[in-house]
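If you want the building blocks of each chain, they are given just below.
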Amino acid sequence: MNAPSVEQSIVPQERLIRTELPGPESRRLMTRKNSAVAAGVGTTMSVFAARAAGGIVVDVDGNRFIDLGSGIAVTTVGNSAPRVVEAVQEQVAAFTHTCFMVTPYEGYVAVAEALNRLTPGDHDKRTALFNSGAEAVENAVKIARTHTGRQAVVVFDHAYHGRTNLTLAMTAKNMPYKHGFGPFAGEVYRAPLSYPYRDGGTDGATSARQTIDVIEKQVGAANLACVVIEPIQGEGGFIEPATGFLPALAAWCRDNGVVFVADEVQTGFARTGDLFACDREGVVPDLIVTAKGIAGGLPLSAVTGRADVMDSAHVGGLGGTYGGNPLACAAALAAIDTIEAEGLVARAREIEELLLRRLRQIEARDARIGDIRGRGAMIAVELVKAGTDEPEPELAKAVAVAAHRQGVIVLTCGTYGNVLRFLPPLAISDDLLHDAFDVLAATLEVIR
Ligand code: PLZ
């Protein structure tokens, strides 16, 4: 690894719990939060952040946590990554906003060029920038509808695409996302997903045939604008479809004039050990949606894809006040530079090896590990009642809470809430990963 950056030397790369948790400052802030912030906005941790760099988040009481979450897969290049900090500082002093739709600026164009170059496929592409993953997913659907003149959208079991009204229709899980918030947008249909751990290991081609059959019988290709799929599901439990599933689905879309949309909001930008998860099987989506890891923590998202599809929306049909904000664009260019300059795609594969090795050691003596899956720095374990495949959400929650208490930030996910997921920043050291997995292994031993 490279020499520590300024940020990393201010933030010692070592776990440290020096107060009770939450500490006095965090407790004070939580009291203020509870009387100022809407109750619907929950927090995983009860400690408040003060600084973060490398693989460490420091709280307001000086406790240091190992970050296995990256703020939900966002700070892939690291928190306050040096190139990102420098680029944003320069931009913030130059101008903060003009609105690209009013007075355009180069940063937006440069991000579009970079995405057109880096996303799967070497065809002619165009990009439009937005603020959040959900907003970009919505725009991908708008573009697919104008391009095809069709309305239906197919999504999958366990899918997560956001919290806006259309994307809530696309998101699968009721609690906490959808409950009580309907009615949701129409013309959204859910199809079965290849889920090797729970579908008896059905091969990808067979699964795809079954899925396509459901789509043809229940929706009809002639009504279908787009299929939207996460190449590896995020919130749904890091479900990786069997090899062959995505290529078969993409081929069917191509043959039927259906726009194939890859939601790489969580999987994008080196996270999975490829620049994009679609790259692994050479799948070339018509449209790819990106966000999170794109800009090192600044809010930015994008839809990138085939020029003829992207350009089917009329002039003025796409936009928004902040889409492609200059600070976010400066950050994105710096994040992309960081990924390339620091070889972070390769680093994600090293992290995969380390994590899988540690998890297999745990699995060898713990029958509650039902499945280990994922790629790169996007790895998960699905926890079950020993000897069954019955989900164990209480165990996942107990392990996460115990890890938090010992200074390790770990997140859960999955339709059943029984998946522990690991999304470290790629700037984390091996030492920190080992320390975190020592904690997790010991915690699983204790919670029996
Ligand atoms: N598509 C694949 O993972 C966001 C959601 C956290 P936004 N995932 C984290 C939460 O509880 O709100 C996500 C995703 C995929 C779309 C989105 C939505 O991205 O930037 O949160 O809108």
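Computed from a predicted structure; not experimentally measured. Counting of residues starts from 1 at the beginning of each chain's written sequence and follows it residue by residue. Only residues with pLDDT of 70 or above have their local features reported here, since the model is predicted, and side-chain atom pairs are shown and tallied only from 80 upward, although totals for entire chains, interfaces and linings are computed over all residues. Heavy atoms from the whole structure form the basis of all side-chain values; hydrogens and water molecules are not counted.

## Here's the deal with the sheet that holds strand β13 (residues 408-409)
Strands in a sheet are paired, the pairing made by backbone hydrogen bonds, and the direction either parallel or antiparallel.
Okay, so step 1: An order of β1-β2-β3-β13 is seen for the 4 strands of this open sheet, with the pairing classed as mixed. Two strands lie at the open edges of the sheet, namely β1 (49-53) and β13, each paired on one side alone. The pairing criterion is simple: DSSP has to find at least two bridges between the two strands. A run of H or I in DSSP counts as a helix once it spans at least four residues, and a run of E counts as a strand once it spans at least two, with each numbered from the N terminus.

## Let's talk about the packing of aromatic side chains
Okay, so step 1: Between 30 and 60 degrees the pair is tilted, below 30 it is stacked and above 60 it is edge-to-face, where a pair is any two Phe, Tyr or Trp rings, Trp via its six-membered ring, whose centres lie within 6.5 Å. All told, the structure shown has 7 aromatic pairs when counted by the stated rule.
Okay, so step 2: When the ring of Phe100 is compared with that of Tyr108, the centres are 3.7 Å apart and the planes differ by 10°; the resulting orientation is stacked.
Okay, so step 3: Residue exposure (1.4 Å probe, protein chains only): buried if accessible area is under 20% of the type maximum, exposed if over 50%, otherwise partly exposed. Taking the relative accessible area as the measure of exposure, Phe100 reaches 22% and is therefore partly exposed.
Okay, so step 4: What makes Tyr108 buried here is its relative accessible area of 12%.
Okay, so step 5: Measuring from ring centre to ring centre gives 6.3 Å for Phe156 and Phe245, while their planes differ by 75°; the resulting arrangement is edge-to-face. In this pair, Phe156 is assigned in strand β5 (residues 152-156) and Phe245 in helix α10 (residues 245-255), connecting sequence segments 89 residues apart.
Okay, so step 6: With a relative accessible area of 0%, Phe245 lands in the buried category.

## Some details on the side chain of Glu392
Okay, so step 1: Topologically, Glu392 is positioned in the loop between β12 (378-383) and α14 (393-405).
Okay, so step 2: We call two residues in contact when some of their heavy atoms are within 4.5 Å. Sequence-distant contacts of Glu392, defined by excluding residues within four places in its chain, comprise Leu383, Val384, Lys385 and Asn418.

## Brief notes about the domain arrangement of the protein
Okay, so step 1: For the domains described, the bounds stem from an automatic or database domain assignment. What the domain assignment lists for the protein is domain 1 (6-67 + 344-446) and domain 2 (84-341).
Okay, so step 2: Of the roughly 2500 Å² buried at the junction of domain 1 and domain 2 (both faces included), carbon and sulfur atoms supply 52%.
Okay, so step 3: Once two parts are put together, the accessible area they lose, assessed with a 1.4 Å probe and summed over both, is termed the buried area. Of all residues in domain 1, the largest losses of buried area upon contact with domain 2 belong to Arg375, Met378 and Thr415, amounting jointly to 32% of the total for that side.
Okay, so step 4: Note on definitions: salt bridges are taken to be side-chain nitrogens of Lys or Arg within 4 Å of carboxyl oxygens of Asp or Glu. The tally of links between domain 1 and domain 2 comes to 4 salt bridges.
Okay, so step 5: Two residues, Glu235 and Arg421, come together in a salt bridge whose shortest N-O distance is 2.8 Å.
Okay, so step 6: In protein, a polar contact means a hydrogen-donor-capable atom and an acceptor-capable atom, both N or O and within 3.5 Å, with residues adjacent in sequence counting only if both atoms are side-chain atoms; elsewhere, any N or O pair within 3.5 Å suffices. Run the count over domain 1 and domain 2 and you get 19 residue pairs in polar contact (both at pLDDT 80 or more).

## Some details on the sheet that holds strand β8 (residues 259-263)
Okay, so step 1: Spatially, 7 strands are ordered β4-β10-β9-β8-β7-β5-β6 in an open sheet, and the strand pairing comes out mixed. Every interior strand has two partners, whereas the edge strands, β4 (125-130) and β6 (188-191), have only one. With direction set aside, neighbouring strand axes in the sheet form an average angle of 20°.
Okay, so step 2: Of the strand pairs in this sheet, β5 and β6 are connected by 4 bridges, and their pairing is parallel. Residue Val155 lies in a different strand from β6, and its bridge partner there is Arg190.
Okay, so step 3: Running over the sheet, helix α6 (residues 133-148) touches β4, β5, β7 (224-229), β8, β9 (287-290) and β10 (301-306) and is turned about 25° from β10. Interaxial angles span 0 to 180 degrees and are taken between N-to-C directions of axes, which are lines fitted to C-alpha atoms, for helices over the stretch in contact.

## Thoughts on the packing of α14 against helix α15 (residues 430-446)
Okay, so step 1: Interhelical geometry of α14 versus α15 gives an angle of 130° and a closest axis separation of 10 Å. In terms of axis orientation, α14 runs oblique to α15. By crossing handedness, the relation of α14 to α15 is classed as right-handed. Taking contact as the criterion, the partners of Leu395, Val399, Ala402 and Ala403 in α14 are, on α15, Val439, Leu440, Thr443 and Leu444. Every angle not falling under 35 degrees, over 145, or within 65 to 115 is termed oblique; those three ranges are roughly parallel, roughly antiparallel and roughly perpendicular. When the near helix sits turned anticlockwise from the far one by under a right angle, the crossing is termed left-handed; a clockwise turn instead gives a right-handed crossing.

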